[in-house]
Amino acid sequence: YDSKCARCHGEKAEKSSYANARILTKLSKNEIVESVKDYRRNLSDIQSTTAFIMRAEAVGVNDNQVKDVAAYIETLKNHK
């Protein structure tokens, strides 16, 4: 998370990086995993700068890494 996500989504996943970007701590683990998969497959319903940036990030991580990051974000929900 720290090396790939925090610069846009905040240290505690509390920020919306762009106007249409969702705050990660408001998503379930499954929503995060599925969103990254959608970005990877270029199926995001958001066709914007956010989707362009996230696609580039998503193709650089595997499914296990995405699940680990989603689990880590889950731990941040109690530490806002």
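Preceding this paragraph is the structure being described.
Residues numbered from 1 in each chain as written. Predicted model: local features only at pLDDT ≥ 70, side-chain atom pairs only at ≥ 80, totals over all residues. Heavy atoms only, no water.

(A) View of the overall build of the protein. Broken down by element type, the protein carries four helices and zero strands. Reading the helices (α) and strands (β) of the protein from amino to carboxyl end gives α-α-α-α. Across the 80 residues of the protein, 34% fall into the buried class. Restricting to contacts in the protein with at least 6 residues of sequence separation, those with at least 24 account for 51%. With the model as given, the accessible surface of the protein reaches about 5,100 Å², and the carbon-plus-sulfur share is 50%. (Helix = DSSP H or I, 4+ residues; strand = E, 2+ residues; numbered from the N terminus. Buried < 20%, exposed > 50% of the residue type's maximum accessible area, 1.4 Å probe, protein only. Contact = heavy atoms within 4.5 Å. Areas by Shrake-Rupley, 256 points an atom, 1.4 Å probe, with all protein chains shown as cover.)

(B) Representation of the side chain of His9. Looking at the element boundaries, His9 is found in helix 1 (residues 6–9). According to the relative accessible area criterion, His9 is buried, its value standing at 10%. With sequence-adjacent residues up to four places away left out, His9 is seen in contact with Tyr1, Glu14, Lys15, Ser17, Arg22, Leu24 and Met54.

(C) Up close: the nonpolar core. One finds Tyr1, Ala13, Leu24 and Ile73 to be the most contacted residues of the largest nonpolar core, which totals 18 residues. Contributions of two or more residues to this core are made by helix 2 (29–40), helix 3 (49–58) and helix 4 (63–76). Setting aside residues up to four positions removed in sequence, Ile73 forms contacts with Tyr1, Ala13, Leu24, Thr25 and Ile32. (Core = buried A, V, L, I, M, F, W, Y, C linked by side-chain atoms within 4.5 Å.)

(D) How the structure looks around the layout of surface pockets. Quantified by volume, the largest pocket comes out at close to 520 Å³. Every residue lining the largest pocket is counted, 29 residues in all, and those nearest its centre are Cys5, His9, Leu24, Val36 and Met54. Of all the elements in the fold, those that place two or more residues in the lining of the largest pocket are helix 1, helix 2, helix 3 and helix 4. Among the elements that take part in the lining of the largest pocket, helix 3 stands out by supplying five residues, more than any other. Classifying every residue of the lining of the largest pocket by side-chain character gives 18 nonpolar, seven polar and four charged. (1 Å grid on protein atoms, 1.4 Å probe; cavity = no way out; pocket = protein on both sides within 12 Å on 5 of 7 lines; lining within 4 Å. Points joined across faces, edges and corners; volume = space filled by probe spheres on them. Nonpolar A, V, L, I, M, F, W, Y, C, P; charged D, E, K, R; others polar.)

(E) Fine view of the pattern of salt bridges. Under the criterion given, the structure shown has six salt bridges. Lys4 serves as the salt-bridge partner of Glu57, at 3.4 Å between the closest nitrogen and oxygen. Placement of Glu57 in helix 3 and of Lys4 in the segment before helix 1 is noted, with a sequence separation of 53 residues between them. What makes Lys4 partly exposed here is its relative accessible area of 35%. Across the pair Glu74 and Lys77 runs a salt bridge whose closest N-O atoms are separated by 3.1 Å. Given a relative accessible area of 24%, Lys77 falls into the partly exposed group. (Salt bridge = Lys/Arg side-chain N within 4 Å of Asp/Glu carboxyl O.)

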